[in-house]
Amino acid sequence: MDEVVLVTGSESLTGRKLIEKLLSRGCRVVAPVAGKETEISETETPNLTVLTWNRSSWFSAKTILREIIRRNGKLDAAWIIHQAPTVNVPFSEASPSDAELILEQHIKGNVALVREVLPNLPSKGFLGFVRPHKAGTLGSLAAMSDGAFTSFATGVMNESGTRAWSAGFSNASPDAEGFTTALLSRWDERPKKLEKRWFRYTEGRRPFSGPSITDFPLRG
C-alpha cells in the first residue's frame, strides 16, 4: 500500500495508535503537531513526516497541504481527530484567554485544515472525523469545542462538494486499540450505504454494528 494519509491529533492515544497501524500497512503518514511556525521535521520512522502546525493560522493550514502535495504528489485520505482542550474548568472560572485559545486552536484550526484538505482529496479518497473517548464530564468551553467539531463535521459530510467517502466516528470506550482497528476496517470497506453517517464504537462488540452501536444519517 502506497497511500498518503494525513492524521491530526497525533498527541492523543487514538492518534498514535492510528498512525502505528497505518505505517504497518506501508502508508506514508503526515502528522501535524501544534507549534507556532510551520516546519518539517524528519523522523527516524520510515514513511512518517511530522509538520509543525499553527492551529490559529489559515496560512499554516495552507502550507501543510502544499508540503504534502510537494513531497508526495497526492493525498489519499485524511483523519481529522478532535483534540479535547486542556482547559476544562467551570465557565465561571474561565478567563477570556481560555475562551480565545479554544476558539482559535480547537475550532478555527480544524476548519482551516479541512478547508485545504477537501480540494486535494480524490473522488475515491477518504475523509474521517474522529471523536476519541473522553473520561469525566466536560466543562462548558470543552463542550463547546466538542459540539463545534461534531456539527462542523456533519455539515462538511452533508455538502455535495465533499467528493471523498466521508464518515464520523465516536468512541464510547477507553479501548483505543480496538477503536483504531475498527476505524481502518471501515476505511477499507467504505460501503456506499454507510457514507455520511456517525458511528459509535463500544468495546466488546463487532466494530460499528450490533445493538451497542448507534449509526444514523446526517441531517443538514
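Please read all numbers here as calculations on a predicted model, not as lab measurements.

Asks: Tell me what's going on with the overall build of the protein chain, and back it up with residues and numbers.
Replies: Helix and strand content of the protein chain: 5 helices and 9 strands. In sequence order, the secondary structure elements of the protein chain are arranged as β-α-β-β-β-α-β-α-β-α-β-α-β-β. Across the 220 residues of the protein chain, 48% fall into the buried class. Taking the contacts inside the protein chain whose residues are at least 6 apart along the sequence as the reference set, 68% of them involve residues at least 24 apart.

Asks: Break down the pairing of strand 8 (residues 197-201) for me, with residues and values.
Replies: In terms of strand pairing, strand 7 (residues 165-171) meets strand 8 through 4 bridges, oriented parallel. Note that in strand 8 the partner of Asn171 across the bridge is Tyr201. Each parallel crossover has a hand, and the one from strand 7 via helix 5 (residues 176-189) to strand 8 is left-handed.

Asks: Describe the environment of Val156, and please don't skip the residues or the numbers.
Replies: Note on placement: Val156 falls in helix 4 (residues 140-158). The spacing of Val156 and Val111 is 45 residues in sequence and 9.8 Å in space, taken between C-alpha atoms. Those residues in contact with Val156, other than ones at most four positions away along the chain, are Val114, Leu118, Leu127, Phe129 and Thr162.

Asks: So what's going on with unusual backbone geometry? Residues and values would help.
Replies: Not every positive phi belongs to a glycine, and Asn47 is a case in point at roughly 75°. Phi is positive for Arg190, which is not a glycine, with a value near 45°. In this structure Arg190 comes out as partly exposed when scored by relative accessible area, which is 22%.

Asks: Got a sec to walk through the pairing of strand 5 (residues 77-81)? Specific residues and values, please.
Replies: Regular strands place their side chains on alternate faces of the sheet. With 5 of 5 residues buried, strand 5 lies mostly within the body of the structure. As paired strands, strand 1 (residues 4-7) and strand 5 are joined by 3 bridges and run parallel to one another. Counted as the bridge partner of Val5 is Ala77 from strand 5.

Asks: Could you give an account of the pattern of salt bridges, with specific residues and numbers?
Replies: Evaluation of the coordinates by the stated rule reveals 13 salt bridges. Across the salt bridge formed by Asp76 and Lys74, the nearest N and O atoms sit 3.2 Å from each other. Overall, the relative accessible area of 14% leaves Asp76 in the buried class. Of the residues examined, Lys74 reaches a relative accessible area of 31% and is grouped as partly exposed.

Asks: Tell me about helix 2 (residues 58-72), and name the residues and values.
Replies: When the terminal C-alpha atoms of helix 2 are compared, their 22 Å separation across 15 residues agrees well with the 21 Å that a helix rising 1.5 Å per residue should span. Along helix 2, the residues classified as buried are Ser60, Ala61, Thr63, Ile64, Leu65, Glu67, Ile68 and Asn72. Near the N-terminus of helix 2, the side chain that reaches the backbone nitrogen of Phe59, with its oxygen 3.2 Å away, is that of Ser57. Looking one or two places after helix 2, you find Gly73, whose phi comes out positive at around 80°.

Each value, and the rule that gives it
Residues numbered from 1 in each chain as written. Predicted model: local features only at pLDDT ≥ 70, side-chain atom pairs only at ≥ 80, totals over all residues. Heavy atoms only, no water. Helix = DSSP H or I, 4+ residues; strand = E, 2+ residues; numbered from the N terminus. Buried < 20%, exposed > 50% of the residue type's maximum accessible area, 1.4 Å probe, protein only. Contact = heavy atoms within 4.5 Å. Pairing = 2+ DSSP bridges. Right-handed = clockwise from strand over helix to strand, strands pointing away. Salt bridge = Lys/Arg side-chain N within 4 Å of Asp/Glu carboxyl O. Expected span 1.5 Å × (residues − 1). Polar contact = N/O pair within 3.5 Å; in protein donor to acceptor, adjacent residues only side chain to side chain.

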